[in-house]
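Coordinate analysis (summary)
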Amino acid sequence: MSAASAETEPAELTVVLVKAGKTKIRYPAALLADDGTRVTVRAPWASPRVRDFGFVRFEPGDVFTEHYWRDAWFAVKEVRGGAGELKGWYCDVTRPAVLRDGELVVEDLDLDLWVSADRSGVLRLDEDEFEESGLTGRDPAAARAAVAALDELEALARTPEGFTGLLS
């Protein structure tokens with residue numbers, strides 16, 4: 001069941017990204033769909049500044065279509081420039097998402113994956129931050145789930161279909 005139709009404006013909610021028990025960022029997003037398992041939202045780049053990672057630049061005008069799951073340990077964000085060109089996919093390893101009271105709450109577990117638009121570049125990111133976070137010692141089951149999620153995302157990204165099956 002889609003939360004938005006052609007006749008109505010999409011509902012708005014707030015995405016809340018939590019890291020190490022603290023809110024890292026909150027931003028408004030348009031709720032595009034919620035099928036009970038996956039929640040899809042669209043939001044502009046949430047910072048007034050450019051963030052240059054070296055392999056991609058996120059900048060004002062960029063639009064993120066973000067897919068969150070209530071039963072998976074990751075989120076996949078399709079990133080498009082202001083003119084609509086696909087930049088790629090930024091994937092966060094997270095605990096399963098929780099939607100309540102107009103907020104989509106997601107706990108970031110440090111691991112990330114970047115996939116370029118042409119899918120020639122697949123980069124595992126922040127593995128050092130993950131190790132430094134101490135999650136492996138505090139919550140070994142969550143750490144194993146996080147690493148498995150990153151492995152799953154990378155394996156999908158390297159298939160000919162990429163994320164097509166996951167996001168359709």
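Residues numbered from 1 in each chain as written. Predicted model: local features only at pLDDT ≥ 70, side-chain atom pairs only at ≥ 80, totals over all residues. Heavy atoms only, no water.

Describing the overall build of the protein
Spelled out, the test is: Comment: elements are numbered from the N terminus, with helices defined as DSSP H or I runs of at least four residues and strands as E runs of at least two. The globule rule used for comparison is 2.2 Å times the number of residues to the exponent 0.38, while the radius of gyration itself is calculated over C-alpha atoms. When a residue's accessible area, from a 1.4 Å probe over protein chains only, is under 20% of the maximum for its type it is buried; when over 50% it is exposed; and in between it is partly exposed. Only heavy atoms matter for contacts: two residues are in contact if any of them lie within 4.5 Å across the pair. To measure how exposed things are, a 1.4 Å probe is used in the Shrake-Rupley method; for residues, cover is taken only from the protein chains shown. We treat Lys and Arg as the positive residues and Asp and Glu as the negative residues; His and chain ends play no part in the count. Lysine's charge is taken at NZ, arginine's at CZ, aspartate's at CG and glutamate's at CD.
Broken down by element type, the protein carries four helices and eleven strands. Taken against the 2.2 N^0.38 rule, which gives 15 Å for 168 residues, the C-alpha radius of gyration of the protein at 16 Å falls within 12% of a compact globule. Taken over the C-alpha atoms alone, the protein extends approximately 50 × 35 × 35 Å along its principal axes. Counting all 168 residues of the protein, 40% fall into the buried class. Here the analysis covers contacts within the protein between residues at least 6 apart in sequence; of these, 45% occur between residues at least 24 apart. Put simply, the protein shows about 8800 Å² of open surface, and 52% of that area lies on carbon and sulfur atoms. In the protein, the 20 positive side-chain charges and the 31 negative ones have mean positions that sit 3 Å from each other.

Some words on the nonpolar core
As a rule of thumb, soluble globular proteins bury nonpolar side chains together. Where we set the bar: By nonpolar core we mean a set of buried residues, namely Ala, Val, Leu, Ile, Met, Phe, Trp, Tyr and Cys, connected to one another through side-chain atoms within 4.5 Å.
Counting residues in hydrophobic clusters, the biggest one holds 23 residues, and the most contacted among them are F74, V76, V93, L113, V115, L153 and F163. Looking at which element gives the most residues to this core, the answer is helix 3 (residues 140–157), with seven residues. The residues touching V115, leaving out its near neighbours within four places in the chain, are G88, W89, G121, V122, A157 and F163. Core analysis: the next-biggest nonpolar cluster, separate from the first, contains 14 residues, L13, V39, V41 and A43 among them.

Comments concerning the pairing of strand 11 (residues 122–125)
Along any regular strand, the residues point their side chains to alternate faces of the sheet. What counts, and what does not: In this description, strands pair whenever DSSP reports at least two bridges between them.
Across four bridges, the pairing between strand 10 (residues 103–116) and strand 11 is antiparallel. Following the sheet pairing, W114 is matched in strand 11 by L123.

Some remarks on the packing of aromatic side chains
This is how the line gets drawn: Pairing of aromatic rings covers Phe, Tyr and Trp, the last through its six-membered ring, and needs centres within 6.5 Å; plane angles under 30 degrees mean stacked, over 60 mean edge-to-face, and all others mean tilted.
Applying the stated criterion to the full structure yields twelve aromatic pairs. Ring geometry for W45 versus F64: centroids 5.8 Å apart, planes at 25°, classification stacked. Of this pair, W45 sits in the loop between strand 3 (38–44) and strand 4 (51–52) while F64 sits in strand 6 (residues 63–69), and the two are 19 residues apart along the sequence. With a centroid separation of 6.1 Å and an interplanar angle of 70°, the aromatic rings of W89 and F163 are classed as edge-to-face. With W89 in strand 8 (residues 86–94) and F163 in the loop between helix 3 and helix 4 (164–167), this residue pair connects regions lying 74 residues apart in the sequence. Three or more aromatic residues link up through ring pairs in this structure, and these residues are W45, F53, F55, F58, F64, Y90 and W114.

With respect to unusual backbone geometry
The phi torsion at D110 lies on the positive side, around 80°, for a residue other than glycine. For D110, the position within the fold is in strand 10. Phi is positive for R119, which is not a glycine, with a value near 65°. Topologically, R119 is positioned in the loop between strand 10 and strand 11.

Here's the deal with the pattern of salt bridges
The test is simple: A carboxyl oxygen of Asp or Glu within 4 Å of a side-chain nitrogen of Lys or Arg is what we treat as a salt bridge.
Across all of its chains, the model carries 17 salt bridges by this definition. Across the pair R26 and E103 runs a salt bridge, and its minimum N-O distance is 2.4 Å. Taken together, the residues R26 in strand 2 (residues 22–34) and E103 in strand 10 connect sequence positions 77 residues apart. Judged by its relative accessible area of 47%, R26 is partly exposed.

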